[in-house]
Amino acid sequence: MSRSTIGLFVGLLLGFVAVFGGFLEFLAVIIFAAVGLLIGRFLDGSLDLNQLAGSRARKD
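Right, let's walk through the structure included here. (Residues numbered from 1 in each chain as written. Predicted model: local features only at pLDDT ≥ 70, side-chain atom pairs only at ≥ 80, totals over all residues. Heavy atoms only, no water.)

## Focus on the overall build of the protein
When you go through the protein residue by residue, the secondary structure sums to three helices and zero strands. Ordered by position from N to C terminus, the α and β elements of the protein give α-α-α. Taking all 60 residues of the protein together, the buried fraction comes to 3%. Taken as a whole, the protein presents about 5500 Å² of accessible surface, with 67% of it coming from carbon and sulfur. (Helix = DSSP H or I, 4+ residues; strand = E, 2+ residues; numbered from the N terminus. Buried < 20%, exposed > 50% of the residue type's maximum accessible area, 1.4 Å probe, protein only. Areas by Shrake-Rupley, 256 points an atom, 1.4 Å probe, with all protein chains shown as cover.)

Right, dumping it as structure tokens:
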């Protein structure tokens, strides 16, 4: 599945939530999607937690 297809489905999901839900439901879906994305990237190994924490490697 291409990234544009995934983006289309995410946009449709957010659109349905915005139409049939409310603002708080819309925010909840966005927050859960972001958490799911972070977990997925961590499990794939493409996310370094040091980048999120703001840690920088010291240069000597």
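## As for the packing of helix H1 (residues 3–20) against helix H2 (residues 23–44)
Look at H1 against H2: their axes get within 8 Å of each other, and the N-to-C directions meet at 155 degrees. Considering their axes alone, H1 and H2 lie roughly antiparallel with respect to each other. Of the two elements, H1 crosses H2, and the hand of that crossing is right-handed. In this structure, H1 uses Leu13, Leu14, Val17 and Ala18 to contact H2, whose residues at the interface are Glu25, Phe26, Val29 and Ile30. Here the contact of H1 with H2 is built from residues that sort into seven nonpolar, no polar and one charged. (Axes fitted to C-alpha atoms, helices over the stretch in contact; angles between N-to-C directions. Parallel < 35°, antiparallel > 145°, perpendicular 65-115°, else oblique. Left-handed = near helix turned anticlockwise from the far one by under 90°. Contact = heavy atoms within 4.5 Å. Nonpolar A, V, L, I, M, F, W, Y, C, P; charged D, E, K, R; others polar.)

## Observations concerning the packing of aromatic side chains
In the structure shown here, the tally under the stated rule is one aromatic pair. Between Phe16 and Phe20, the aromatic rings sit 6.1 Å apart at their centres with planes inclined by 15 degrees, giving stacked as the arrangement. Of this pair, Phe16 and Phe20 are both found in helix H1, four residues apart, which corresponds to roughly one turn of the helix. Per residue, the accessibility class of Phe16 equals that of Phe20, and both read exposed. (Phe/Tyr/Trp six-rings, centres within 6.5 Å; stacked < 30°, edge-to-face > 60°.)

## Comments concerning H2
The end-to-end C-alpha separation of H2 is 32 Å, in line with the 32 Å expected for 22 residues at 1.5 Å each. Positioned one or two residues after H2, Gly45 has a phi angle of 85 degrees, which is positive. (Expected span 1.5 Å × (residues − 1).)

Fair warning: the whole summary comes from geometry, so function is off the table for now.
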